[in-house]
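Results of the structural survey
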Amino acid sequence: MRRAYSTAHCTLELPDYHPFPKYKYAGVAEALRSELDIQPAPAIAWETLALAHTPDYLQKLRLEGLNRQESHKVGLPWSQSLLTRALHAAGGTLAATLDALQTGLGLNLAGGTHHAYPGRAEGYCLFNDVAVAIAYLRAQGWSGRVLIVDLDAHQGNGTAAFFQDDPRVFTLSVHAERNYPLKKERSDLDIGLADATKDKAYLEALGPALHQAFTHQPDLVFFNAGVDVLHNDRFGRLGLSLGGLAQRDQMVFEKVKQANQPLVVVMGGGYNRDPRMTVAGHAQTYRLALEALQD
């Protein structure tokens, strides 16, 4: 049975009214329990975070945490539980990356925290888990080409900033143009879509974008598989159906299969007004990954 990592064992202290969907981590793990060997995501080492994030930022998080203004920018109140959970989410992505290089597929039922910059937190994201995993591989002497396929409804601004001047990493972001973040960074390929794009137009835009991205000939692919693209999401705006989401994911997995390169799937966003839809969308993505890429 293939392994996956989960932060369901991590608590997160939030007010009852907060829109952050902490329910989904346990929900998705439970939905996939019979299909995956789900393990608690390990905490990442601070030394590993320091390969990607700035020393000042990490020291501030360890010693002081975020002040009120910084917490506002993140959208989450500062707490030790927030920090602990972020450490485990990033650790899950690193573990999944090592699995991918060994077995062809790595799964983290968390992560995709693509708004974090080298020296600051933003948009629910303290650490950029994918950037940290890539930095770790580089430190170990791995020098392959990387493709980051970011299909969360929001542009991966932090990820784009991390790799703007790195020719070995190609960043693709397909997102709602008028959505957060207000100020976009420059990915290698940005596809900004109109609100309420829906299935047909979304998939028509995605096909050529994936084709262009895979001409980078990656040795490793990361897929930020946010389901905030679904209809009725609080923050996503794009209006896809569950069937459209499945077609999106199958297009990605088909490209990965053709390239015959390892894949890491991270969860990304999902804030549906119907919590069952968020869980169903994420679980569907991981099931389709297993079907398409099971060895």
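This text goes with the structure placed above it.
Residues numbered from 1 in each chain as written. Predicted model: local features only at pLDDT ≥ 70, side-chain atom pairs only at ≥ 80, totals over all residues. Heavy atoms only, no water.

Our next topic: the side chain of Glu 122. Residue position: Glu 122 is located in the loop between β3 (105–107) and α6 (129–139). Once you skip the residues sitting within four places of it in the chain, Glu 122 turns out to touch Lys 73, Val 74, His 115, Ala 116, Tyr 117, Asn 157 and Tyr 180. (Helix = DSSP H or I, 4+ residues; strand = E, 2+ residues; numbered from the N terminus. Contact = heavy atoms within 4.5 Å.)

A pair of packed helices is captured by two measures, namely the crossing angle of their axes and the spacing between those axes. Contact geometry for helix α1 (residues 23–31) and helix α10 (residues 275–293): axes closest at 9 Å, N-to-C directions at 50 degrees. By the angle class used here, α1 and α10 are oblique. Where α1 crosses over α10, the two elements pack in a sense that is right-handed. On α10, the residues touching Tyr 23, Lys 24, Gly 27, Val 28 and Ala 31 of α1 are Pro 275, Thr 278, Val 279, His 282, Ala 283, Tyr 286 and Arg 287. Classifying every residue of the contact of α1 with α10 gives 7 nonpolar, 3 polar and 2 charged. (Axes fitted to C-alpha atoms, helices over the stretch in contact; angles between N-to-C directions. Parallel < 35°, antiparallel > 145°, perpendicular 65-115°, else oblique. Left-handed = near helix turned anticlockwise from the far one by under 90°. Nonpolar A, V, L, I, M, F, W, Y, C, P; charged D, E, K, R; others polar.)

All right, on to the packing of aromatic side chains then. Within the structure shown, the criterion is met by 7 aromatic pairs. Centre to centre, the rings of Tyr 124 and Tyr 271 are 6.0 Å apart; their planes meet at 55 degrees, and the pair counts as tilted. One end of the pair, Tyr 124, is in the loop between β3 and α6; the other, Tyr 271, is in the loop between β8 (263–266) and α10, with 147 residues separating them in the sequence. With 5.8 Å between their ring centres and 80 degrees between their planes, Phe 223 and Phe 253 make a pair best called edge-to-face. Residue Phe 223 is located in strand β7 (residues 220–224), and its partner Phe 253 is located in helix α9 (residues 242–259); the two are separated by 30 residues in the primary sequence. For the pair shown, Phe 223 and Phe 253 are each scored as buried. Here the aromatic cluster, defined as three or more aromatic residues joined through ring pairs, consists of Phe 20, Tyr 25, Tyr 124, Phe 235 and Tyr 271. (Phe/Tyr/Trp six-rings, centres within 6.5 Å; stacked < 30°, edge-to-face > 60°. Buried < 20%, exposed > 50% of the residue type's maximum accessible area, 1.4 Å probe, protein only.)

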